[in-house]
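Structure assessment
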Amino acid sequence: MWGGRFAGGPSEVMAAINASISFDQRLHVHDIRGSHAHLDMLEATGIVSLPDAATIRGGLDRIEKEIAAGRFVFKPELEDIHMNIEARLAELVGPVAGRLHTARSRNDQVATDFRLWVRDEIDAVDAALTDAQAAFIEKAEAWPDLPMPGFTHLQNGQPVAFGHHMLAYVEMLGRDRGRFADARRRLNESPLGAAALAGTPFPIDRDMTAAALGFDRPAANSMDAVSDRDFALEFLAAGAITALHLSRFAEELVLWTSAQFCFVHLSDAFTTGSSIMPQKRNPDAAELVRAKPGRLLGAFTALATVLKGLPLTYGKDMQEDKEATFEAADSLMLAIAAAAGMARDMKPNKARLRAAAELGHPTATDLADWMVRRRGLPFRDAHRAAGALVAEADRRGLTLAQLPLDAMQAVEAEIDESVYDVLSIEKSIAARTSYGGTAPDNVRRAAAAARERFL
Ligand code: ARG
C-alpha cells in the first residue's frame, strides 16, 4: 500500500505486532458498509466517474459474498481488514479499485467502522437487557405476594414480597439501558471524511455519508473524529456497570440455591453436576456471571490506559481498542443471556422462603411503628421497648406474634390486643403501601408499570 518509498519488507516481529486482521476481520460488514457510503458520495459529487463507481460497487458486492460464504482469505501480511478488502478489490476489478480510497484514510475508515460496530452492539445489548427485564417482570407477576426475607447486612431485616425483589433488578437494568442509550446518542456522529486528520481538498459531502450510515451528523472536527474513542469507553463503562448488576443477582442465586438457603431451584438447564460428589448441583452459570465484571472493567481499564496521554491525532496504540472491546461485548452478551435464562428458570421454594422470612423477628419494626402510631410513643422509646420484647421472645423461644399479651404489657403497659394485627409476616408486607414499597398491590401495579416503561 505504501510501496512508493519502501523497498524492504517488515521483520517478522514487526508484522506480528502490527497485524490486526486476526481480530478486526470482525469489522468486515461495517467496513464494506462504510465503503459503499463513501463510494456513493464520491460518485454523486463527481469525484469518481459513474462507470468506475459501478465497477467498484460490483467488486465490493463480490467480496461481501465471499466473506459471507467463508471463501475470503484473510491475509496477515495485509495487516488489517481495510487493506485485506482493498487488496482483494484490486484483484477483482483492477487498478480502478484504487479510486475508492480517494479522500479517505484508514484513520477515518477505522473510526467509522468501529463506531458502527459499537452502535450495533449497543442495540443488541439493549434488546438483550429488555428480554432480561421481561424475565424479572414475569417472575414478579407470578409471585407478587410470596413472603421472603428482605436482608440488610445479609441479616433478616424486614419481610418483602418475592416479586418486589425481582422488580429491583428491573430498575437496575432500566438504568443500564439508559446509560447505553446516552452513549449511543453521543456516539452517533460520522468520522468519515475527516480523512487522515485534517480533512480533504476534495469536494466531498460529509452530510451524505453521515446520513447513509445512519449517523445524526458528521463529526465537527476532523482531528477529534479520528482520535476519539470515548464512544468505546462509554460502551465499556456502561457494560461494566451492567455486569456488576448482573453479578449481584448471580451472587444471590449462588446463595439461594445452596442447601443452607434453599430459596430457589435451578433446573438441569442452568446447573452442572460434580465428577466426584453425586449429590451436587452446582450453579456454574451464576458463578460465571458473577465473575464477568472483571472482563468488562479490565477492558475499560485497558482502553483508558491506551488513551491516557496519547497525543492527537491517530496513533497505532489505538489499534488496541478493538480486541478487548470485542471480547468484553461477547462476555456481556453471554452474561445477560445467562442471567435472563436463570431468572426464567428459577423456581422459588415457597415453604422455605416463608419460613426464612419468619426468622430473626423481622416484624420488630412493625411493633415499634404500632407503638408510635397507636400509643403516640416517640420512635426511640418504641424502638427500645420493641428491642426488649425481642429479647423476651428469644428467651421463651417464640416469635413476636406468639408472645402472650401479659408478657408484652410487662415491658410496655400501653400495648393491647390489636398489636397482633401488625406482627405477622403477611401483615407486615401488606402494610408497606408507600410508593415503591413492597405491599403486594404495589408489586402488581409496579410490574404493570414496568411493562409500560420498559417492554
Ligand atoms: N488497523 C488500524 C487500527 O485498527 C487501522 C488504522 C491504521 N491507520 C494507520 N495510519 N496506520 O487502528
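Residues numbered from 1 in each chain as written. Predicted model: local features only at pLDDT ≥ 70, side-chain atom pairs only at ≥ 80, totals over all residues. Heavy atoms only, no water.

**Some thoughts on the overall build of the protein chain**
To keep things clear, this is the line we draw: The way it works is that DSSP assigns letters per residue, a run of H or I at least four long becomes a helix, a run of E at least two long becomes a strand, and they are numbered from the N terminus. Partly exposed describes any residue whose relative accessible area lies between the buried limit of under 20% and the exposed limit of over 50%, with all areas from a 1.4 Å probe on protein chains only and scaled to the type maximum. Whether two residues are in contact is decided by their heavy atoms: any pair within 4.5 Å suffices. Areas reported here follow the Shrake-Rupley algorithm with a probe of radius 1.4 Å; residue values treat only the protein chains shown as occluding. The convention is simple: Lys and Arg are positive, Asp and Glu are negative, and His and the chain ends are not counted. A charged residue contributes its charge at one atom only: NZ of Lys, CZ of Arg, CG of Asp or CD of Glu.
If you tally the helices and strands in the protein chain, you get 19 helices and six strands. If you line up the protein chain on its principal axes, its C-alpha atoms span 100 × 55 × 40 Å. Within the protein chain, buried positions represent 48% of all 455 residues. Considering only contacts within the protein chain whose residues lie at least 6 apart along the sequence, 75% involve residues at least 24 apart. Summing over all exposed atoms, the protein chain offers an accessible surface of approximately 21,300 Å²; the carbon and sulfur share of this is 55%. Computing the positive centroid from 51 side-chain charges and the negative centroid from 62, the protein chain places the two 2 Å apart.

**Some thoughts on a nonpolar patch on the surface**
What counts, and what does not: Patch membership is restricted to residues that have no salt bridge and whose relative accessible area is over 30%. Joining uses 9 Å for like charges and 5 Å for the nonpolar side chains Val, Leu, Ile, Met, Phe, Trp and Tyr. The working definition used for a salt bridge is a side-chain nitrogen of Lys or Arg within 4 Å of a carboxyl oxygen of Asp or Glu.
A grouping of Leu-197, Met-223 and Leu-312 is seen on the molecular surface, where their side chains present a nonpolar patch of about 280 Å² in accessible area. Considering the arrangement of structural elements, one finds Leu-197 in the loop between β3 (189-190) and α8 (206-212). Using a relative accessible area of 34% as the deciding quantity, one classes Leu-197 as partly exposed.

**Let's talk about the side chain of Glu-392**
We count it as follows: Polar contact is the term for a pair of N or O atoms within 3.5 Å; when the atoms are in protein, one must be able to donate a hydrogen and the other to accept it, and sequence-neighboring residues count only if both atoms are side-chain atoms.
With respect to the helices and strands, Glu-392 occurs in helix α16 (residues 379-396). What makes Glu-392 buried here is its relative accessible area of 17%. Side-chain polar atoms of Glu-392 contact the side chain of Arg-395, separated by 2.8 Å. At 2.7 Å, the side chain of Glu-392 forms a polar contact with the side chain of Arg-396.

**Here we look at the layout of surface pockets**
To keep things clear, this is the line we draw: Think of a 1 Å grid over just the protein atoms. A cavity is a set of points where a 1.4 Å probe fits yet cannot get out, a pocket is an open set with protein on both sides within 12 Å along at least five of seven lines, and lining residues have an atom within 4 Å of a point. Grid points are joined across faces, edges and corners, and a volume is the space filled by probe spheres set on the points. For this classification, the nonpolar set comprises Ala, Val, Leu, Ile, Met, Phe, Trp, Tyr, Cys and Pro, the charged set comprises Asp, Glu, Lys and Arg, and every other residue, Gly included, is treated as polar.
Its volume calculated, the second largest pocket comes out at about 350 Å³. Taken together, 14 residues line the second largest pocket, and the ones lying closest to its centre are Glu-171, Tyr-435, Gly-436, Asn-442 and Ala-446. Among the elements of the structure, α7 (162-187) and α19 (440-454) are those that each provide at least two residues to the lining of the second largest pocket. Broken down by class, the residue content of the lining of the second largest pocket amounts to seven nonpolar, four polar and three charged.

**So, helix α11 (residues 284-291)**
Operational definition: Of all possible arcs, the one meant is that of the directions from the helix axis to the C-beta atoms.
For α11, the set of buried residues is Ala-285, Ala-286 and Val-289. Angular distribution of buried residues about the axis of α11 spans 100 degrees; they occupy a single face of the element. For α11, exposure combined with an orientation more than 90 degrees from the buried face picks out Leu-288 and Ala-291. On its buried face, α11 sits against α10 (230-256), α12 (293-307) and α13 (321-345).

**Remarks on the pattern of salt bridges**
Pairs may arise between side chains of opposite charge once their charged atoms sit close together. The tally for this structure, following the rule as stated, stands at 37 salt bridges. Here Arg-177 ties to Asp-126 by a salt bridge, and the two come within 2.9 Å at their closest N and O atoms. Of the two residues, Arg-177 sits in helix α7 while Asp-126 sits in helix α6 (residues 106-142), which places them 51 residues apart along the sequence. Residue classification places Arg-177 among the buried positions, given a relative accessible area of 16%. Between Glu-141 and Arg-451 there is a salt bridge whose closest N-O contact spans 2.6 Å.

**Quick look at the pairing of strand β1 (residues 147-152)**
What counts, and what does not: Two strands form a pair only when DSSP identifies at least two bridges running between them.
Two elements, β1 and strand β2 (residues 155-161), share six bridges in a ladder whose sense is antiparallel. Bridge assignment links Pro-149 to a residue of β2, and that residue is Pro-159. Hairpin connection, β1 to β2: the antiparallel pair is bridged by two residues, and His-153 has positive phi, about 60 degrees.

**Re the site of the ligand**
Keep this limit in mind: Put simply, a residue is near a molecule or strand once any heavy atom of it comes within 4 Å of that molecule or strand.
Taken together, Ser-20, Asp-24, Asp-80, His-82, Arg-106, Asn-107, Val-110, Tyr-314, Gln-319 and Lys-322 make up the full set of residues near the ligand. Note that a nitrogen atom of the ligand is positioned 3.5 Å from one of the side-chain N or O atoms of Ser-20. One nitrogen or oxygen atom from the side chain of Lys-322 is found 2.6 Å from an oxygen atom belonging to the ligand. Here the ligand loses 86% of its free accessible area of 340 Å² to cover by the protein chains. Class assignment of the residues belonging to the shell around the ligand gives a composition of two nonpolar, four polar and four charged.

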